[in-house]
Amino acid sequence: MIETRRLLLRPWRDMDLPHFAALNADLEVRRWWSAGTLSEADSNAQANDLQRHIEDNGFGFWAVEAPGVSPFIGFVGLQNESDDMPFAPAVEAGWRLARAYWGRGYAVEAAKAAFRDGFERLGLDEIVAYAVEGNMPSRRVMERLGMRHDPRDDFDHPRRAPDDPFKRHVLYRLRNSR
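Presented here is an overview of the structure given in this document.

Calculation criteria
Residues numbered from 1 in each chain as written. Predicted model: local features only at pLDDT ≥ 70, side-chain atom pairs only at ≥ 80, totals over all residues. Heavy atoms only, no water. Helix = DSSP H or I, 4+ residues; strand = E, 2+ residues; numbered from the N terminus. Expected span 1.5 Å × (residues − 1). Buried < 20%, exposed > 50% of the residue type's maximum accessible area, 1.4 Å probe, protein only. Contact = heavy atoms within 4.5 Å. Lys, Arg positive; Asp, Glu negative; His and termini not counted. Salt bridge = Lys/Arg side-chain N within 4 Å of Asp/Glu carboxyl O. Polar contact = N/O pair within 3.5 Å; in protein donor to acceptor, adjacent residues only side chain to side chain. Phe/Tyr/Trp six-rings, centres within 6.5 Å; stacked < 30°, edge-to-face > 60°. Lys NZ or Arg CZ within 6 Å of the ring centre and 35° of its normal. Axes fitted to C-alpha atoms, helices over the stretch in contact; angles between N-to-C directions. Parallel < 35°, antiparallel > 145°, perpendicular 65-115°, else oblique. Left-handed = near helix turned anticlockwise from the far one by under 90°. Nonpolar A, V, L, I, M, F, W, Y, C, P; charged D, E, K, R; others polar. Pairing = 2+ DSSP bridges. Arc of directions from axis to C-beta.

**Observations regarding helix 2 (residues 40-57)**
Since there are 3.6 residues in each turn of an α-helix, residues three or four apart along the chain are aligned in direction.
Then, number 1: With 18 residues, helix 2 should cover 26 Å at 1.5 Å per step; its first-to-last C-alpha distance of 26 Å lies within 8% of that length.
Then, number 2: Among the residues of helix 2, Ser43, Asn44, Ala47, Leu50, Gln51, His53 and Ile54 are the ones counted as buried.
Then, number 3: Contact partners of the buried residues in helix 2: helix 1 (16-24), strand 3 (61-66) and strand 4 (70-80).
Then, number 4: Directly after helix 2, the chain includes Gly58, whose backbone phi takes a positive value near 80°.

Below is the structure:
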């Protein structure tokens, strides 16, 4: 587990699943995914995969709790990127919060803690994050985290159809300053 001033990044619990399914059923939350919203079954399968990554690697996309506010607001963390990505091997930062918790600085606060864990405990040299080119909210989070964008690193997502309007992605990087 990772604690911040306002948040707890922790392993997933069964009680998180309905909240995660509601988050994944929100059109605005899922706006930048070609597949749109997720069914409850697909959302549960994704949560199980995220927890399995944590169990297998000792880090991952943690469930995020805001004590005194909500037992589950979304996920934030780091995970190994799949080998088909043009920048692999890499560890990716990611976040997805329920809309009710946007604009409170939670994503940045939790991601900073996950980055610190990645650089200090895991000894990572670099963390990457990527988003659909037009996803300015995620890009702003990356910039607030001190990540750097080089347009030469931008790429077409290998698992998107050639005509997918969300195929083009931007890549941000943050090096360990040790």
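**Considering the environment of Leu50**
Then, number 1: Position of Leu50 among the secondary structure elements: in helix 2.
Then, number 2: When the C-alpha positions of Leu50 and Phe72 are compared, they lie 15 Å apart, and in sequence the two are 22 residues distant.
Then, number 3: The residues touching Leu50, leaving out its near neighbours within four places in the chain, are Trp12, Phe20, Phe61, Phe75 and Gln79.

**Here we look at the side chain of Glu81**
Then, number 1: Along the chain, Glu81 turns up in the loop between strand 4 and strand 5 (91-97).
Then, number 2: Comment: no salt bridge for buried Glu81; closest opposite-charge side chain is Arg159, at 4.4 Å.
Then, number 3: Among the polar contacts listed, one links the side chain of Glu81 to the side chain of Ser82, at a separation of 3.2 Å.

**Notes on the packing of aromatic side chains**
Then, number 1: Scanning the model with the defined rule gives 12 aromatic pairs in all.
Then, number 2: Ring geometry for Phe87 and Phe155: centres 5.3 Å apart, planes at 65°, overall edge-to-face. With a gap of 68 residues between them, Phe87 in the loop between strand 4 and strand 5 and Phe155 in strand 8 (residues 155-156) connect regions that are remote in the sequence.
Then, number 3: Note on Phe155: relative accessible area 5%, which makes it buried.
Then, number 4: Of the aromatic side chains, those joined through ring pairs into one cluster are Trp12, Phe20, Phe61, Phe72 and Phe75.
Then, number 5: Against the face of Trp33 rests Arg30, its NZ or CZ located 4.4 Å from the ring centre.
Then, number 6: Over the ring of Trp33 we find Arg96, and its NZ or CZ is 4.6 Å from the ring centre.

**Examining the packing of helix 1 against helix 2**
Then, number 1: Packing of helix 1 against helix 2 brings their axes to within 9 Å, and their N-to-C directions diverge by 120°. By the criterion of interaxial angle, the relationship of helix 1 to helix 2 is oblique. Of the two possible hands of crossing, helix 1 and helix 2 adopt the one that is right-handed. Seen from helix 1, the contacting residues are Leu17, Phe20, Ala21 and Asn24; seen from helix 2, they are Glu40, Ser43, Asn44, Gln46, Ala47 and Leu50.
Then, number 2: In the contact of helix 1 with helix 2, the residues fall into 5 nonpolar, 4 polar and 1 charged.

**So, the pairing of strand 4**
Both faces of the sheet carry side chains from a regular strand, because those side chains alternate between them.
Then, number 1: Summarising burial for strand 4: 9 of the 11 residues are buried, a large majority.
Then, number 2: Hairpin geometry of strand 3 and strand 4 is characterised by an intervening segment of 3 residues between the two adjacent antiparallel strands and by a positive phi of about 80° at Gly68.
Then, number 3: Inspection of the sheet shows strand 4 paired to strand 5 by 7 bridges, in the antiparallel sense. Counterpart to Gly77 in the pairing with strand 5 is Gly94.

**Regarding helix 4 (residues 136-144)**
Then, number 1: Of all the positions in helix 4, only Ser138, Arg139, Val141 and Met142 are classed as buried. Buried residues of helix 4, seen end-on, are gathered within an arc of 155° and therefore sit on one face of the element.
Then, number 2: Those residues of helix 4 hidden inside the fold are in contact with strand 5, helix 3 (106-120), strand 6 (126-132), strand 7 (148-149) and strand 9 (168-175).
Then, number 3: For helix 4, the side-chain oxygen to backbone nitrogen distance between the N-cap and Ser138 is 3.1 Å, and the N-cap itself is Asn135.
Then, number 4: Immediately beyond the C-terminal end of helix 4, within one or two residues, lies Gly146, with a positive phi of roughly 85°.

Everything listed is a geometric property; what it means functionally is a separate question.
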